[in-house]
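Chain by chain, the residues:
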Amino acid sequence: MTLPMVVPAQDLPARVRIHEVGARDGLQNEKSVVPTEVKAEFVHRLAAAGLTTVEATSFVHPKWVPQLADAEQLFPLLGDLEGVALPVLVPNERGLDRALALGARRIAVFASATETFAKANLNRTVDESLAMFEPVVARAKDDRAHVRGYLSMCFGDPWEGAVPVHQVVRVAKALMDMGCDELSLGDTIGVATPAHVQTLLAELNEEGVRTSAIGVHFHDTYGQALSNTLAALQHGVSTVDASAGGLGGCPYAKSATGNLATEDLVWMLQGLGIDTGVDLGLLTATSVWMADQLGRPSPSRTVRALSHQES
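Every value quoted in this text rests on a predicted model; they were computed, and no experiment measured them.

Draft legend 1. Molecular detail of the overall build of the chain. In terms of regular secondary structure, the chain is built from 12 helices and 9 strands. Relative to the compact-globule value of 19 Å for 311 residues, the chain shows a C-alpha radius of gyration of 18 Å, a close match. If one aligns the C-alpha atoms of the chain with their principal axes, the spans along those axes are about 50 × 45 × 35 Å. Taking all contacts inside the chain whose residues are at least 6 apart in sequence as the whole, residues at least 24 apart take part in 77%. With the model as given, the accessible surface of the chain reaches about 12900 Å², and the carbon-plus-sulfur share is 52%.

Structure below.
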């Protein structure tokens, strides 16, 4: 394919690492349980398309996220993937025990910038949840595992409305201070705009959080995910979360629609001349395959456009 035409822009990263979340965040809100073998095949297809970081599953209690109750069965099926990072979410020390027992080397904890969502998602206050994560992060680091800190509701909250930047910075700084290697800023309900993104990034830098340690995680509720991603790239961010086919949402925030589609992201980055290592054709075919498994078309505009051309 000769499109998109490559027209590089100045002062953008030469390469972007895509943190693929389709197999975890993308599937966790599906009402019908996806078979473990299909999940494993999904991860293998994503890796074959060139994605080097594929979030595999979550070691939360099955009661809270039934879709991911098969973590112990799924993770061993991915052991043949060499050179692919397979992060997993852990909510507490019990989850960490389960993940480490299976050989997980990349774990993630998930905090909230707002009290209401912390209560809904973790049944704790913000500070109580941070206290819960401290021993998790410490033990993971002692085991030489890489730790990512997710921070939800960084730009807006469905119950509390606009979230002050200083409030987000406080919790983000706490996650980094306890030892997280990486911070993912989540626009959980998709209300961010570009200047808001750059303002938050600048404030984090002021408080000592390096841009190189920051990833961004945008939802496309208002169609702003790509513009917000570009704003982050202009600031120097080079890690972007995305979900193959635009799958995903959040079971605890009903206004959280799908994630930024990985295909839409790759199309934009290719046009900017930014390397991702991803084969867009293989990725699109993977999302079409997964959409067939789920029984509905992919919401990704790029998947739809490329699939139409091929049909």
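Still more to cover.
Draft legend 2. Representation of empty space enclosed by the protein within the structure. Counted according to the given criterion, the structure contains 1 cavity of 30 Å³ or more. Roughly 60 Å³ of volume is contained in the largest cavity. Around the largest cavity, the lining residues are A244, G245, L247, S287, M290, A291, L294, R296, P297, S298 and P299. Residues that form the lining of the largest cavity fall into these classes: 7 nonpolar, 3 polar and 1 charged.

Draft legend 3. Geometry of the sheet that holds strand β7 (residues 182-187). The parallel open sheet is built from 9 strands, whose spatial order is β2-β1-β9-β8-β7-β6-β5-β4-β3. Strands with a single pairing partner mark the edges of an open sheet, and in this sheet they are β2 (53-54) and β3 (57-58). On top of the sheet, helix α8 (residues 194-206) reaches β7 and β8 (214-218); it is set at about 150° to β7, its chief contact. Along the sheet face, helix α10 (residues 262-271) touches β1 (17-20) and β9 (239-242) and points at about 175° away from the line of β1.

Draft legend 4. Structural detail: a nonpolar patch on the surface. Taken together, the side chains of L3, M5 and V7 define a hydrophobic patch exposed on the protein surface, amounting to about 330 Å² of accessible area. The topology assignment puts L3 in the segment before β1.

Draft legend 5. A look at helix α4 (residues 93-101). Of the positions making up α4, those classed as buried are G95, L96, R98 and A99. Take α4 and look down its axis: the buried residues cluster within an arc of 160°, on one side only. In α4, the exposed positions that point more than 90 degrees away from the buried face belong to R94 and A101. The inward-facing, buried residues of α4 contact α3 (71-74), β4 (88-89), β5 (106-112) and α6 (126-142).

Draft legend 6. How the structure looks around unusual backbone geometry. A positive phi angle, close to 55°, is found at N123, a residue other than glycine. The residue N123 is located in the loop between α5 (115-122) and α6 in this model. The phi dihedral of M153 is positive, around 60°, even though this residue is not glycine. Mapping M153 onto the fold places it in the loop between β6 (146-152) and α7 (165-177). The class for M153 is buried, based on a relative accessible area of 0%.

Draft legend 7. Expanded view of the packing of helix α2 (residues 36-48) against helix α11 (residues 280-294). Where α2 meets α11, the axes come as close as 9 Å, and the angle between the chain directions of the two elements is 165°. Compared by their axis directions, α2 and α11 come out roughly antiparallel. Crossing of α2 over α11 shows left-handed handedness. Judged by residue contacts, V38, E41, F42, R45, L46 and A48 of α2 engage L282, L283, T286, W289, M290 and Q293 from α11. Here the residues of the contact of α2 with α11 are counted per class, giving 8 nonpolar, 2 polar and 2 charged.

Draft legend 8. Representation of the environment of V38 in the model. With respect to the helices and strands, V38 occurs in helix α2. Residues V38 and P66, 28 residues apart in the sequence, show an inter-C-alpha distance of 16 Å. The contacts of V38, once residues within four sequence positions are left out, are W289, M290 and Q293.

Draft legend 9. Highlighting the pattern of salt bridges. The final tally for this structure, using the stated rule, is 17 salt bridges. As a salt-bridge pair, R139 and E93 come within 3.2 Å of each other at their nearest N and O atoms. Taken together, the residues span a long stretch of sequence, with R139 in helix α6 and E93 in helix α4 at a distance of 46 residues. On the basis of relative accessibility, which here comes to 31%, the residue R139 falls in the partly exposed class.

Draft legend 10. Just α11, in detail. With 15 residues, α11 ought to run about 21 Å at 1.5 Å a step, and its terminal C-alpha atoms sit 21 Å apart, in line with that. Turning to α11, its buried residues are L280, L283, T284, T286, S287, W289, M290, A291 and L294. Looking one or two residues beyond α11, the residue adopting positive phi is G295, at roughly 80°.

Scoring rules and cut-offs
- Residues numbered from 1 in each chain as written.
- Predicted model: local features only at pLDDT ≥ 70, side-chain atom pairs only at ≥ 80, totals over all residues.
- Heavy atoms only, no water.
- Helix = DSSP H or I, 4+ residues; strand = E, 2+ residues; numbered from the N terminus.
- Rg over C-alpha atoms; globule rule 2.2 N^0.38 Å.
- Contact = heavy atoms within 4.5 Å.
- Areas by Shrake-Rupley, 256 points an atom, 1.4 Å probe, with all protein chains shown as cover.
- 1 Å grid on protein atoms, 1.4 Å probe; cavity = no way out; pocket = protein on both sides within 12 Å on 5 of 7 lines; lining within 4 Å.
- Points joined across faces, edges and corners; volume = space filled by probe spheres on them.
- Nonpolar A, V, L, I, M, F, W, Y, C, P; charged D, E, K, R; others polar.
- Pairing = 2+ DSSP bridges.
- Axes fitted to C-alpha atoms, helices over the stretch in contact; angles between N-to-C directions.
- Patch = residues over 30% accessible without salt bridge, like charges linked within 9 Å, V, L, I, M, F, W, Y side chains within 5 Å.
- Salt bridge = Lys/Arg side-chain N within 4 Å of Asp/Glu carboxyl O.
- Buried < 20%, exposed > 50% of the residue type's maximum accessible area, 1.4 Å probe, protein only.
- Arc of directions from axis to C-beta.
- Parallel < 35°, antiparallel > 145°, perpendicular 65-115°, else oblique.
- Left-handed = near helix turned anticlockwise from the far one by under 90°.
- Expected span 1.5 Å × (residues − 1).

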